[in-house]
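Close look at the chain arrangement
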Amino acid sequence: MGTGEITVEFAGELELFVAARLRGGSSNVRVDGVSTVGHVVESLGAPLTEVGALVVNGETVGLMYPSTGIRSPYVR
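Please read all numbers here as calculations on a predicted model, not as lab measurements.

Side note on unusual backbone geometry
For residues that are not glycine, phi is negative in most cases, and the peptide bond is trans in most cases. Residues other than glycine seldom take positive phi values, yet Asn-57 does so here, at roughly 55°. Mapped onto the elements of the fold, Asn-57 is located in the loop between β3 (54–56) and β4 (59–61).

Below you can see the structure in the form of C-alpha cells.
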C-alpha cells in the first residue's frame, strides 16, 4: 500500500492532548496507507476516549474509517 499525506485539525478542547506543533489549526501528517483515521488521531496524542467525533468531507465517520483517500479530517 502507498503512503500519503492528510491535513488533520483538532477541536480546541482536544489540543491539550496533542503536540504543540499540532495546535491552533490544521497540520499535515503522513499516513502509511493501512492505518485508520482512529490510528492516526491516537498516534498524534489524542486519546480515542476523548474524541467525540471524526468528520471527513462533512460526514461523521467511525474510528475504523480508512486514512487513505481523504484530505482533511476534523477531530472534535
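Quick notes on the sheet that holds strand β2 (residues 26–31)
The strand order β2-β1-β5-β3-β4 describes an open sheet built from 5 strands, whose pairing is mixed. One side of each edge strand has no neighbouring strand; the edge strands of this open sheet are β2 and β4. Judged from the 2 bridges that link them, strand β1 (residues 4–10) and strand β5 (residues 74–75) form a sheet pairing that is parallel. Note on β5: the bridge partner recorded for Phe-10 is Val-75.

Quick look at the nonpolar core
Judged by nonpolar contacts, the single largest core of 19 residues is most densely connected at Phe-10, Val-41 and Val-75. Taken together, the elements giving at least two residues each to this core come down to β1, β2, α1 (37–43) and β3.

Comments concerning the pairing of β2
A one-sided burial pattern is seen for β2, the buried positions being Ser-27, Val-29 and Val-31 and the unburied ones Ser-26, Asn-28 and Arg-30. Pairing analysis gives 6 bridges linking β1 to β2, with the strands arranged antiparallel. Note that in β2 the partner of Thr-7 across the bridge is Asn-28.

Definitions and limits used
- Residues numbered from 1 in each chain as written.
- Predicted model: local features only at pLDDT ≥ 70, side-chain atom pairs only at ≥ 80, totals over all residues.
- Heavy atoms only, no water.
- Helix = DSSP H or I, 4+ residues; strand = E, 2+ residues; numbered from the N terminus.
- Pairing = 2+ DSSP bridges.
- Core = buried A, V, L, I, M, F, W, Y, C linked by side-chain atoms within 4.5 Å.
- Buried < 20%, exposed > 50% of the residue type's maximum accessible area, 1.4 Å probe, protein only.

These figures capture arrangement, not role.
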